Each structure stands twice: as structure tokens, then as C-alpha cells.
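Geometric and topological summary
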Amino acid sequence: MIKAALVLEGGSLRTLYTSGVLDVFIENEIEFECVIGVSAGALNAANYIAKHAGRSAKINILHSNDSNYFGLKQLLFKKRAFNFDYLFYKPIKDLYPFNEEILSTTKQKFLICATDCNTGEAVYFEKNNYSELVNVLQASSSMPLLSNPVTIDGKTCLDGAITDPIGVKKAIAEGYNKIVVVLTRDLDYSKTMAKKSIKILFNIFYKKYPKLINSLNNASINYNFLIEELNKLEQDKKIFVIRPNHEFKISKIEKDARKLINLYFQGRDDVRGLLKEMFEYLNE
């Protein structure tokens, strides 16, 4: 096991890129001592830790046009873009079994980020029981306006990407000086400010949570500032970054399976070309 942290960015279905990277890690028996994930990055991390190569990709590609999994039907009738019961239990778990025993006995530390609606700050959870893990993964992946908040350990939570979209600072706080980061955006990406209409919806939907509204309104600024920090850390060889080498046009509820397949194989191809360089960094 490598004494290093693996940090996984979210990004909804853009994390098909992450799926490709992690499947190559599984196939080459590359295990990191600590795995830190947020939103869909955490969903991928669960399958990586359970050593289910191909599981994330199969689910999100083969079910990309399944209205019972995600899409407008779910949003209109269940008030959430993704059907987490469908994903974590029946029928997905029957079609693609999940090894709960590996999860409960793994020596890898698995930290999942969510946003506490009351404080407007990031909060991390570590769960090794499947049902508890599912609840945390749902909270971490509950996109604002597209999902309902989820209660974890008495905390009302939403998408962790609102407050800590890339958990490098958490990895440093955990004592790691070797950190591999998998991003889902290319080097030139910059997040734009939320439109005025979206900010109005934030005020309507989350009027009970003023600190959350503040975090939502500043999320793009904080993200761009964080990317600047990570680029500096990468230049100083304090972190090792794996990212797409060009922009992919993928929506949050992408239905084009061809785009998802291409993104998955891009992740595989990119990390294969970087394995030697990654190990040089880890062994310095």
C-alpha cells in the first residue's frame, strides 16, 4: 500500500474520466493509504476501494438513458436529478454486486466530503458500513437545487463540492506529503459565477440556511482560487495531478453514451501514460 493520499474531484458524469483512471489503478494493484472523495468522485472511490474495476463505468454508461436512474423524470416526480435508491440498492446492486466485506475490512482510509447546510462549511465523514456509507455518499452527491438535503449524524448536508471541491487541504491536514489528485476539468477551465436567477433560487430554496447561501454564492470564486493554489503546488512538485488534456462537453445529466465512453477511455489512456512519472513523484 502506498503511503500517500488519493484525492478525487467530483463533477457528476464527468467523473467517467475518474472511472478510467481508477480502473487502471485497480488493474495494476495500486492502493493508496488514504482516499478522499467528494460528490461523484466519492462514488467512484467506493468502487475503487471495493476493487470493482469497470463497475462505475458500466453503471453510468449502460444506464445513461435509463429514466429510472437519472434525468428530468426523476427531477419532476421525485425532486432529485439522480435516484439514489435505484443506484445503491435495487436494481443496480443486483445487476452489479458490491463487495461489502472488502469495504468493512479495508485498511484504506476513506474520507467523504459533504457541506453542512447550517454552518455552510465542509464536513468529512468516514463510514465502513454499507448502509451508512450509502447515506454519506448520497449527501456528498446531492447537488444544490437538483437534490434534497440528507441528514448525517444530525447534520443536514448537501454536495461537498460546494465548500471543498478538491480535498487537497484535507489530505495535508491528515499528514500526507505525497498526494495524487484526479481532476475532471482541463487546465484552462475556470468556473463562472452563478447567474442572478440561480442566486434567487438559492435564496428561495435555502432561506433557512443563510450560511449555505453565502457558500453557494461564493463557490465559483473559491473553486478558481483553489485551482490556482493547486497549480502552484503541482509546479512545486508537492502534488501530482492527473487531468483531462482538453475540454469535454459533458452535461450533469449527460445521455450520450458515446461521449461517456470516450471520456472513460481518455482517463485510462492518460493515466497509463503518467504511471512512470507518478511513481517517480511518489518515490522521491
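Keep in mind the model is a prediction, meaning the values are calculated, not measured. (Residues numbered from 1 in each chain as written. Predicted model: local features only at pLDDT ≥ 70, side-chain atom pairs only at ≥ 80, totals over all residues. Heavy atoms only, no water.)

Once that is clear, we can look at the overall build of the protein. A count of helical and extended segments in the protein gives 13 helices and 8 strands. Taking the principal axes of its C-alpha atoms as reference, the protein extends roughly 50 × 40 × 35 Å. Look at the contacts in the protein between residues 6 or more apart in sequence, and 75% of them connect residues 24 or more apart. For the protein, the exposed surface amounts to about 13300 Å²; the carbon and sulfur share of it is 52%. One way to put it: in the protein the 38 positive side-chain charges average out to a point 6 Å from where the 33 negative ones average out. (Helix = DSSP H or I, 4+ residues; strand = E, 2+ residues; numbered from the N terminus. Contact = heavy atoms within 4.5 Å. Areas by Shrake-Rupley, 256 points an atom, 1.4 Å probe, with all protein chains shown as cover. Lys, Arg positive; Asp, Glu negative; His and termini not counted. Charge placed at Lys NZ, Arg CZ, Asp CG, Glu CD.)

Time to look at the packing of helix α2 (residues 40-49) against helix α8 (residues 130-140). For the pair α2 and α8, the least separation of the axes is 8 Å and the interaxial angle reads 150°. Regarding the angle of α2 to α8, the classification is roughly antiparallel. On α8, the residues that touch Ala42, Leu43 and Ala46 of α2 are Leu133, Leu137 and Ser140. Residues of the contact of α2 with α8, tallied by class, amount to 5 nonpolar, 1 polar and no charged. (Axes fitted to C-alpha atoms, helices over the stretch in contact; angles between N-to-C directions. Parallel < 35°, antiparallel > 145°, perpendicular 65-115°, else oblique. Nonpolar A, V, L, I, M, F, W, Y, C, P; charged D, E, K, R; others polar.)

Right, let's talk about helix α12 (residues 219-235) for a bit. With 17 residues, α12 ought to run about 24 Å at 1.5 Å a step, and its terminal C-alpha atoms sit 24 Å apart, in line with that. Within the sequence span of α12, burial applies to Ala219, Ser220, Tyr223, Asn224, Leu226, Ile227, Leu230 and Asn231. Angularly, the buried residues of α12 cover 160° about the axis, an arc narrow enough to put them on a single face. Contacts from the buried residues of α12 go to α9 (168-173) and α11 (210-217). Phi for Lys237, located one or two positions after α12, is positive at around 60°. (Expected span 1.5 Å × (residues − 1). Buried < 20%, exposed > 50% of the residue type's maximum accessible area, 1.4 Å probe, protein only. Arc of directions from axis to C-beta.)

Now for the layout of surface pockets. Approximately 290 Å³ is the volume found for the second largest pocket. Around the second largest pocket, the lining is made up of 13 residues, and of these Glu234, Ile239, Phe240, Val241 and Glu277 lie nearest the centre. Of all elements in the fold, only β8 (240-242) and α13 (257-283) reach the threshold of two or more residues within the lining of the second largest pocket. A per-element tally of the lining of the second largest pocket places α13 first, with 5 residues. By residue class, the composition of the lining of the second largest pocket is 6 nonpolar, no polar and 7 charged. (1 Å grid on protein atoms, 1.4 Å probe; cavity = no way out; pocket = protein on both sides within 12 Å on 5 of 7 lines; lining within 4 Å. Points joined across faces, edges and corners; volume = space filled by probe spheres on them.)

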